[in-house]
Amino acid sequence: MSSSQKSAKKLKAESEFDRAESAASFIFSKTKLRPQIALVLGSGLGAFADEFRTPVKIPYAEIPHFPRSTAIGHAGQLVAGKVGEIPVVGMQGRVHLYEGYSAKDVAFPIRVFARMGTKIVILTNAAGGIKPEFVAGQLVVIKDHINLQGVSPLTGPNDERFGPRFPDMTAAYDRRFREMAVGQGNRHHSGLPEGVYAALPGPSYETPAEIRYLRSIGADLVGMSTVPEVIAARHCGMRVLGISCVTNAAAGILDQPLDHKEVLEIAERVKGQFIALLKTVIPRIAAELD
Ligand code: HPA
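In short, a report on the structure. Everything numeric in this text was worked out from a predicted model, so none of it was measured. (Residues numbered from 1 in each chain as written. Predicted model: local features only at pLDDT ≥ 70, side-chain atom pairs only at ≥ 80, totals over all residues. Heavy atoms only, no water.)

1. A short note on the overall build of the protein chain
Filter applied, for reference: Helix and strand assignments come from DSSP, with helices taken as H or I runs of at least 4 residues and strands as E runs of at least 2, each series counted from the N terminus. Using C-alpha atoms as the atom set, the radius of gyration is obtained and then compared with a globule rule of 2.2 Å times the number of residues to the power 0.38. Residue burial is assigned from relative accessible area. The probe radius is 1.4 Å, only protein chains are included, and a residue is buried under 20% of its type maximum, exposed over 50%, and partly exposed in between. Surface exposure here means Shrake-Rupley accessible area, sampled with a 1.4 Å probe, where a residue is shielded only by the protein chains that are shown. His is not counted, nor are the chain ends; Lys and Arg add positive charge and Asp and Glu add negative charge. The atoms used to mark charge sites are NZ of Lys, CZ of Arg, CG of Asp and CD of Glu.
Summing up its helical and strand segments, the protein chain has 7 helices and 9 strands in all. A globule of 290 residues ought to have a C-alpha radius of gyration of about 19 Å, and the protein chain, at 19 Å, matches this closely. Considering only C-alpha atoms, the protein chain reaches an extent of 65 × 45 × 35 Å along its principal axes. A burial count over the protein chain gives 52% of its 290 residues as buried. Approximately 12800 Å² of the protein chain is accessible, and the part contributed by carbon and sulfur atoms is 53%. Both charge centroids of the protein chain, one from 34 positive and one from 29 negative side chains, sit 6 Å from each other.

So this is what it looks like as structure tokens:
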């Protein structure tokens, strides 16, 4: 074999699919658990993984090909464990486009979970509230999204081993899961509304004019994450639940500047409510797998 043939073979051998496979094997070498649900825990919301039973913690830095989070409020480790009797895996922190990662990098952990056989992903985030009722501290179930990040993790040649070239996004956020979350929110909390999440690249917060524009196109929430992961999850055939924690009124709604410290403070304040919601929702959505 000539050296160019060898390097072509090597390139082929290092497909995204193979990278996901080697990360999945590494995780399986650290834990016997076979997670049914993966959780991506956004800014300040990672505390939920501290409650897992029999936790095994794996720093992202140790997992082959895994991106490392640099954002404040993101611990940067994977925690495998149990919620009740349900085996789960949680990401304490995610990576974002604004850190310089590509949409593919951002979505890579989702593809790893898919290779691990995980069929459900719960994505959480901190978001600005565009809808006037969405005040700081409100939890909202994501019913749909608008991708304004200008990128997709599926750009480039499609690998059919992950999923089809043109995945359907009609029901990106699973209807059953949304109903279950809203039902539990109404039972145990002061109501859990639904909203449309608009994703922007960040890292600057929006201008008031951008927020007026987002409202006019049907967005209720705004943030800088989640959408690449949802696209990759749907591509792999995973079912998705998305929950936003509104940490602030979006720019221009209140006459005050936005501050990441406030985002983390509010996330910290709703932590208990957020954890209680996930604890009631997880067994219900896991029951869908049977
Ligand atoms: N805009 C974008 N992302 C955010 C916000 C916001 O107001 N709050 C938390 N994440």
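2. Examining the pattern of salt bridges
Short version of the rule: The rule for a salt bridge is simple: a side-chain nitrogen of Lys or Arg has to be within 4 Å of a carboxyl oxygen of Asp or Glu.
On inspection of all chains with the given rule, the structure shows 12 salt bridges. We note a salt bridge from Arg161 to Asp159, for which the minimum N-O separation is 2.9 Å. The residue Arg239 makes a salt bridge to Asp174 at a minimum N-O spacing of 2.7 Å. With Arg239 in strand 9 (residues 239-249) and Asp174 in the loop between strand 6 (139-147) and helix 4 (175-188), this pair connects stretches of sequence that are 65 residues apart. A cluster of three or more residues bridged by salt bridges with shared partners is formed by Asp174, Arg176, Arg239 and Glu288.

3. Quick word on the packing of helix 3 (residues 103-115) against helix 6 (residues 227-235)
To keep things clear, this is the line we draw: Note on geometry: axes are C-alpha line fits, over the in-contact stretch for helices, and angles between N-to-C directions span 0 to 180 degrees. When describing relative orientation, an angle under 35 degrees is termed roughly parallel and one over 145 degrees roughly antiparallel, while 65 to 115 degrees is termed roughly perpendicular and anything else oblique. Crossings are classed by handedness, with left-handed meaning an anticlockwise turn of the near helix from the far one by less than a right angle and right-handed meaning a clockwise turn. For this analysis, residues touch if any pair of their heavy atoms sits within 4.5 Å. Classification convention: Asp, Glu, Lys, Arg as charged; Ala, Val, Leu, Ile, Met, Phe, Trp, Tyr, Cys, Pro as nonpolar; all other residues, Gly among them, as polar.
Two elements in contact, helix 3 and helix 6, have axes whose closest approach is 8 Å; the angle formed by their N-to-C orientations is 50°. Looking at the two axes, helix 3 sits oblique to helix 6. As for the relative orientation of helix 3 and helix 6, their crossing is right-handed in sense. Between helix 3, through Ala103, Val106, Ala107, Ile110 and Arg111, and helix 6, the contact on the second element is made entirely by Pro228, Glu229, Ala232, Ala233 and His235. Residue classes in the contact of helix 3 with helix 6 are distributed as 7 nonpolar, 1 polar and 2 charged.

Without other data, these values stay purely geometric and don't point to any function.
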